[in-house]
Number of protein chains: 2
Amino acid sequence: MFSKACEYGIRAAVYITLQSLEGRRVSVNEIAEEIDSPIAFTAKTLQLLTRNDIIKSVKGPTGGFEIDREEMNNVKLNMIVKAIDGDKIFKGCGLGLKECNANKPCPLHDKFVDIRTNLSKMLGSTSLYELAMGLEVGLTFLKR
Amino acid sequence: MFSKACEYGIRAAVYITLQSLEGRRVSVNEIAEEIDSPIAFTAKTLQLLTRNDIIKSVKGPTGGFEIDREEMNNVKLNMIVKAIDGDKIFKGCGLGLKECNANKPCPLHDKFVDIRTNLSKMLGSTSLYELAMGLEVGLTFLKR
DNA sequence: TATTAATCGGACAAAATTGTCCGAAATAAA
DNA sequence: TTTATTTCGGACAATTTTGTCCGATTAATA
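Residues numbered from 1 in each chain as written. Chains lettered and ligands numbered in written order. Predicted model: local features only at pLDDT ≥ 70, side-chain atom pairs only at ≥ 80, totals over all residues. Heavy atoms only, no water.

Draft legend 1. Quick peek at the packing of aromatic side chains. Enumeration over the complete set of coordinates arrives at 4 aromatic pairs over all chains. Pairing A:Phe2 with B:Phe112 gives two aromatic rings, centres 6.0 Å apart and planes at 75 degrees, and the pair type is edge-to-face. Taken together, the positions of A:Phe2 in the segment before α1 (4-21) and B:Phe112 in helix α7 (residues 109-125) put the pair across two chains. Taking the ring centre of A:Phe90 as reference, the NZ or CZ of A:Lys82 above it sits at 5.7 Å. (Phe/Tyr/Trp six-rings, centres within 6.5 Å; stacked < 30°, edge-to-face > 60°. Helix = DSSP H or I, 4+ residues; strand = E, 2+ residues; numbered from the N terminus. Lys NZ or Arg CZ within 6 Å of the ring centre and 35° of its normal.)

Draft legend 2. Structural detail: the environment of B:Phe65. Within the secondary structure, B:Phe65 is located in strand β2 (residues 64-66). Remark: the alpha-carbon pair of B:Phe65 and B:Gln47, spanning 18 residues in sequence, is separated by 9.9 Å.

Draft legend 3. Spotlight on the side chain of B:Gln19. Residue and element names in this part refer to chain B. Positionally, Gln19 belongs in helix α1 (residues 4-21). Taking the relative accessible area as the measure of exposure, Gln19 reaches 11% and is therefore buried. With residues up to four places along the chain from it excluded, the contact list for Gln19 reads Arg24, Val26 and Glu30. (Buried < 20%, exposed > 50% of the residue type's maximum accessible area, 1.4 Å probe, protein only. Contact = heavy atoms within 4.5 Å.)

Draft legend 4. Representation of the relation of the copies chain A and chain B. Between chain A and chain B, which share one sequence, the superposing operator has a rotation angle of 180 degrees and an axial displacement of 0.0 Å; the RMSD is 0.0 Å. Such a turn and shift between the copies fits a two-fold axis. Considering only C-alpha atoms, the residue of chain A closest to the rotation axis is A:Met1, which sits at 2.4 Å. The residues that chain A uses at the interface reappear at the interface of chain B in 97% of cases, marking a shared surface. (Least-squares fit on C-alpha atoms with pLDDT ≥ 70 in both.)

Draft legend 5. The environment of B:Arg116, seen in detail. All names here are of chain B. Mapping Arg116 onto the fold places it in helix α7. By relative accessible area, Arg116 is classed as buried at 14%. Taking the C-alpha atoms as reference, Arg116 lies 8.6 Å from Lys91; in sequence the two are 25 residues apart. Contacts of Arg116, omitting those with residues within four sequence positions, involve Lys88, Ile89, Phe90, Lys91, Gly92 and Cys93.

Here's what the structure looks like:
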């Protein structure tokens, strides 16, 4: 479904959100440890999120990644997916046709539109804050 | 969503179904031409489908691929997807956790279950015959 | 000011996926 | 029986994705 980069990106963003709620800025090393992901590859992904203004980074000692209290609610998963995987999952044809739309649909077009509309709605309405809350109360997990 | 191999596999299977309805057995070359896919790679995928008893192959001159009239209704897309991509799309965690279930869910678990249930139902209820019918009446397409 | 700890970014490496080639086996037909 | 045409299957190649390394840059602090 999502690329590895995207999976790590979402997990990392949720962890950053959780820690930012406590006022803690976190390093790539800590993030990778806590979400059980490869450090350097995760760093690349975080740079992507930073360049897309989804999270904030600070260089130097005491530096790391954080996210504003307000942004936690504004940032929805579709923004992260789009920043990392692009919009092929939102727009591409399920059977790989270059040009597939209502006028010239693949055999699966209509049924795929349904599935994707659901996915799109779900990702577009799920905020980092919401996901971090489940983590905070110990209901959900980011590794294993 | 699906791998390239799987996209080709589904398109090829639908084309084979369409031609089998007319009693025509088709070669890899014709299939690849009609679904606009790489010949040799498509051949590999068709071997997979053959080994999984989803389609039938006949060697030698006048040989090629076909599917029984009855099987067109029995074969659902989930069987093709499972044969080619395995069941990671049906069972794997959306955020890539090795172990993710109701007892130890990732933050997206419940929402993902919904999406996947939809996808699973759709793939499990869509037959090759059904898709071939749309093609036959010129309502849907397999290339471009 | 020097040191240290952090991200940034480019080059590189490994692994997985996608795609190609070709000889072997099968089989229909001349 | 020979030839021609097809799938089968293994080896190989190219591309994309995933993952690593390291020097440059930034900035806090001793």
